[in-house]
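As a plain string of letters, each chain reads:
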Amino acid sequence: MSEESNPFDIAQGQLKKVIKILNLDKSVYDCLGNPHLELTVNFPVKMDDGTVRIFRGYRVEYNNSRGPYKGGIRYHPDVTMDEVRALAAWMTWKTAVVGLPFGGAKGGVVCNPKELSKNELERLTRRFTAELSIIIGPEKDIPAPDMYTNPQTMAWIMDTYSMNKGYSVLGVVTGKPLELGGSLGRFEATGRGCMLCAREALKKLNYKVIPPEIWQKNGYKGMEDESCKDQGTGFRIDGATVALQGFGNVGAIAAKLLQQKGAKIIAVSDSRSGIAKKDGLNIFEVIEHKTKTGYVKDFEGTDEITPEAILEFDCDILIPAALENQITKNNAEEIKARIIVEGANGPTTPEADSILFDKEVMVIPDILANSGGVIVSYFEWVQSLQSFFWSERDVNCKLRDRILSAFHEVYQTSKDYGVDMRTGAYILAVNKVTEAIKIRGIFP
Ligand code: GLU
């Protein structure tokens, strides 16, 4: 892996840059530049045909100065330790920038979940949980879903952990099914956060954004989400055009919610291919098509394009919601979007960041743009610990308040320092973590 695309080198470079801007001591980098704990396990899983396969799994606990370690677990054939390290560092900055009382962690298992049966996935998950059980816990380290893991995976983790304890421990994971103490609004939270950031960015750029009192008075009959009207999320963004790379939990939901707010989704892609339609796709139908066929490809009345071409599409808002390192120095110059909302973690390389900054493209960084997931994970954790559950309206209102206030803080910080929003977000996050370390002091 080259220096430029190694996610952990990128994460460390981003930190170094901010430490320099803030004029912090080298000891701060020594403290924040590496994870606290790393676990690698090679563990056996019985396959359906009776054979035994060894899988490799990782969990990296990066920093817990501000609270328990928090972060997802991904299942993917390309997972590496350096990727998990970077993702754990980003979780540390993400929880700090949106003010959650958590640190950062991440986990992964090297596997192709598409080639495993449900029973094999269950045995893999339960065995991996047993391997992790010495380090996870509701006050210690709280996993959640990430790429190719979902509420069912979290249910198996919660059950396995609980079996060993002898009682049900709801707070050990978030992103659980509703039946098991999951939170209303958690499944859609990351996409909802992306939508809120995209709309706030449009407002900042003086795009025509229609407040609820105007469009409601005029009897607008768009595809508005009824449940949002009284949550103050009723602003419409009629006509804003959106292209999305990645049509999983984050991308598809962000597309749906943006469409409900009046945006026109003109191109989307999944891991195989992309589709485009100048007059706008009906996202509900695309979701139905993908559920039926497994892919967005061949959706009627669309032109086929590659996932890479999506990035260079002529649109107002681009949402990379797939993998790391998608926007690089090789294609940043070709980007036409005015706003980039990073639904994925780490989709833009540092070289691309500086090209986009010069082009005055507003990049809402991953640690802010996709923080909706972990924000509602925090709400779920609080509800699980109290066994007292909130309405969806409450969850969505609290999510909106928290992500928008972080958005404005990051925006203002970037203006104050004359830097891009990623650097602004890092300035806020690094300051918060450094302060916590300072106040706590060094043990012993
Ligand atoms: N995997 C998600 C992320 O990258 C959610 C993490 C969580 O809820 O802990 O932010």
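Residues numbered from 1 in each chain as written. Predicted model: local features only at pLDDT ≥ 70, side-chain atom pairs only at ≥ 80, totals over all residues. Heavy atoms only, no water.

Moving on, we come to the nonpolar core. Nonpolar side chains tend toward joint burial in soluble globular proteins. Membership of the largest hydrophobic core comes to 95 residues, with the highest contact counts inside it found for W93, V268, V341, I364 and L368. When residues of this core are assigned to their parent elements, the largest contribution, 11 residues, is made by helix α3 (residues 81-97). If sequence neighbours within four positions are ignored, L368 has contacts with V98, C197, I403, A406, F407, V410 and M421. Core analysis: the second largest hydrophobic core is formed by 25 residues, I73, L116, L132 and I135 among them. (Core = buried A, V, L, I, M, F, W, Y, C linked by side-chain atoms within 4.5 Å. Buried < 20%, exposed > 50% of the residue type's maximum accessible area, 1.4 Å probe, protein only. Helix = DSSP H or I, 4+ residues; strand = E, 2+ residues; numbered from the N terminus. Contact = heavy atoms within 4.5 Å.)

As a structural note, the neighbourhood of the ligand is formed by 14 residues, with K70, K94, P145, D146 and S377 the closest of them. Side-chain polar atom of R186 to an oxygen atom of the ligand: 3.3 Å apart, as the coordinates give it. About the coverage of the ligand: the protein hides 95% of its 290 Å² of free accessible area. Taken together, the residues that form the shell around the ligand break down as four nonpolar, five polar and five charged. (Near = heavy atom within 4 Å. Polar contact = N/O pair within 3.5 Å; in protein donor to acceptor, adjacent residues only side chain to side chain. Areas by Shrake-Rupley, 256 points an atom, 1.4 Å probe, with all protein chains shown as cover. Nonpolar A, V, L, I, M, F, W, Y, C, P; charged D, E, K, R; others polar.)

Turning to α3, a few remarks are in order. The end-to-end C-alpha distance of α3, which contains 17 residues, comes to 24 Å, matching closely the 24 Å that a straight helix rising 1.5 Å per residue would cover. Burial analysis of α3 places 16 of its 17 residues in the buried class, which makes it a mostly covered element. A positive backbone phi angle near 70 degrees is found at G99, which sits one or two residues after α3. (Expected span 1.5 Å × (residues − 1).)

On to the sheet that holds strand β2 (residues 52-63), then. The strand order β1-β2-β4-β3-β5 describes an open sheet built from five strands, whose pairing is mixed. At either margin of the open sheet sits one strand with a lone partner, and together these are β1 (37-46) and β5 (141-145). Mean inter-strand twist for the sheet, computed between neighbouring axes without regard to direction, equals 25 degrees. Bridge count for strand β3 (residues 69-76) against strand β4 (residues 104-110) is four bridges, and the pairing is parallel. (Pairing = 2+ DSSP bridges. Axes fitted to C-alpha atoms, helices over the stretch in contact; angles between N-to-C directions.)

A few words now on the confidence of the model for the protein. Put simply, the protein has an average pLDDT of 94, and 95% of its residues get 70 or more. With pLDDT under 50 throughout, residues 222-232 is counted as low confidence; its partners more than four residues away or in other chains account for 27 contacts. (pLDDT = per-residue confidence, 0-100.)

With that out of the way, let us pick up the state of the cysteines. Within this structure, the stated rule accounts for zero disulfides. C315 forms no disulfide, and the closest cysteine sulfur to it belongs to C194, at a distance of 14 Å. (Disulfide = S-S within 2.5 Å.)

What follows deals with the environment of R338. For R338, the location among the structural elements is in the loop between β10 (317-320) and β11 (339-341). Exposure remark for R338: the relative accessible area of 37% places this residue in the partly exposed category. Taking the C-alpha atoms as reference points, R338 and L202, separated by 136 residues in sequence, lie 9.2 Å from one another. Within polar-contact distance, the side chain of R338 engages the backbone oxygen of E360 at 2.4 Å.

The buried fraction of β5 amounts to four of the five residues, a majority that puts the element mostly inside the structure. Relative to β5, β3 runs parallel, the two being bridged by five bridges. Its bridge partner lying in β5, K70 is registered against I142.

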